[in-house]
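Here is how the chains run, residue by residue.
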Amino acid sequence: MEKTLELRSLGNTGLKLSCVGFGASPLGSVFGPVSDEEAIATVREAFRLGINFFDTSPYYGGTLSEKVLGKSLKAVGVPRDQFIVSTKCGRYKDGFDFSATRVTQSIDESLERLQLDYVDILQCHDIEFGSLDQIINETIPALQKLKEKGKIRFIGITGLPLGIFNYVLDRVPLGTIDVILSYCHYGINDTTLEDLLPYLKSKGVGVISASPLSMGLLTENGPPDWHPASSELKAACRKAADFCKEKGKDISKLAMKYSLCNKDFSSILVGMKSVQQVQDNVAAAMEVVKGEKDEEVLVEIEEILKPVKNQTWPSGIQ
Ligand code: NAD
């Protein structure tokens, strides 16, 4: 396959991310076990096919994702200036802690696990579980100090409820937050992130859209046991996946293509744990470039998913 994966600018950062981003949570064995050999082969294939963006967190697999990603990046040996790594802070296996002390210590631990001197982006992880005022007044200033020290290049925030982004961005000076990462809000079953794009553009913030497969809902194998969706949403997605299969199509490829078509997202961050998944997701991007659409099947899938369109689940302090 040609190495022609599209690169897209991330807000005002100057970074150019591959439109398919590598979500490394599966390397923490959260979607089933992954051996080191499989992880290394998967990361190697990602580079070969033009993926340059890798996202992880100390939370994924209780630090395992960062360790395995670090090991894989080292084994593959691509020069550091040719890839972009984001990790997170504030969410850990043992709970949430967005204090300046914890996040300052956390980046050093992440860098050690990742075997890197700096990360490109450090994001406050799932801020709806913390005090948003603490994020604004304590966590972000701590991250700015890390930026000055050269341990991180850019600052981001992540979470599920879309309202958190306006709340924080309205209360920090312009340019303080470089990136937002939203998940499960731009795919066939939920497109609510689209409404926020004009606002995010006005703030000069880069947008990463994660979980285009709705954390496994839009896959033939279905979601993991821990998936928080309602049984109604799970059943509708199951029905859509089965329908696709009957039509000789793969729901995951359709879902990837759907998300990739919106170029306002710098990267569509998809979790991957095998060489095959990397190849399939990059192939989806290539089909978008070639203008290969699946309009007929897509219309029918959208009809199946209509009763659950934009249905989400609670997340954070209620
Ligand atoms: P996803 O929607 O990307 O789905 C991942 C699942 O789909 C995994 O089981 C994976 O093995 C499988 N898969 C991938 N490609 C496939 C294909 N072509 N065919 C069939 N199955 C395929 O969900 P995700 O992994 O949770 O999200 C992607 C990434 O985004 C994460 O790894 C993480 O880096 C990031 N993320 C961040 C947050 C946050 O910051 N709060 C939340 C969710 C995700």
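Refer to the structure above for everything that follows.
Residues numbered from 1 in each chain as written. Predicted model: local features only at pLDDT ≥ 70, side-chain atom pairs only at ≥ 80, totals over all residues. Heavy atoms only, no water.

**Examining the side chain of R91**
Turning to step 1, where the next piece is worked out: Structurally, R91 can be placed in strand β6 (residues 91-92).
Turning to step 2, where the next piece is worked out: In terms of polar contacts, R91 uses its side chain to reach the side chain of Y59, at 3.3 Å.
Turning to step 3, where the next piece is worked out: One polar contact links R91 to D126, side chain to side chain, over a distance of 2.6 Å.
Turning to step 4, where the next piece is worked out: Contacts of R91, omitting those with residues within four sequence positions, involve S57, P58, Y59, F96, H125, D126 and F129. (Helix = DSSP H or I, 4+ residues; strand = E, 2+ residues; numbered from the N terminus. Polar contact = N/O pair within 3.5 Å; in protein donor to acceptor, adjacent residues only side chain to side chain. Contact = heavy atoms within 4.5 Å.)

**Examining the packing of helix α2 (residues 64-76) against helix α3 (residues 100-114)**
Turning to step 1, where the next piece is worked out: At a closest axis distance of 7 Å, the pairing of α2 and α3 adopts a crossing angle of 45°. Between α2 and α3, the crossing angle belongs to the class labelled oblique. Of α3, the residues touching α2 (which contributes E66, K67, L69 and G70) are S110, R113 and L114.
Turning to step 2, where the next piece is worked out: Here the contact of α2 with α3 is composed, by residue class, of two nonpolar, two polar and three charged. (Axes fitted to C-alpha atoms, helices over the stretch in contact; angles between N-to-C directions. Parallel < 35°, antiparallel > 145°, perpendicular 65-115°, else oblique. Nonpolar A, V, L, I, M, F, W, Y, C, P; charged D, E, K, R; others polar.)

**Describing the site of the ligand**
Turning to step 1, where the next piece is worked out: Residues in close proximity to the ligand total 29 residues, the closest being S25, D55, D126, M215 and G271.
Turning to step 2, where the next piece is worked out: S211 places a side-chain nitrogen or oxygen 2.9 Å from an oxygen atom of the ligand.
Turning to step 3, where the next piece is worked out: Within the contact set of the ligand, an oxygen atom lies 2.9 Å away from a backbone nitrogen or oxygen of M215.
Turning to step 4, where the next piece is worked out: Calculation on the ligand without its partners gives an accessible area of 830 Å², and the protein chains cover 92% of this total.
Turning to step 5, where the next piece is worked out: At the level of elements, β10 (179-183), β12 (267-271) and α9 (275-289) are the ones that each hand at least two residues to the shell around the ligand.
Turning to step 6, where the next piece is worked out: Of the residues belonging to the shell around the ligand, the class tally is 12 nonpolar, 12 polar and five charged. (Near = heavy atom within 4 Å. Areas by Shrake-Rupley, 256 points an atom, 1.4 Å probe, with all protein chains shown as cover.)

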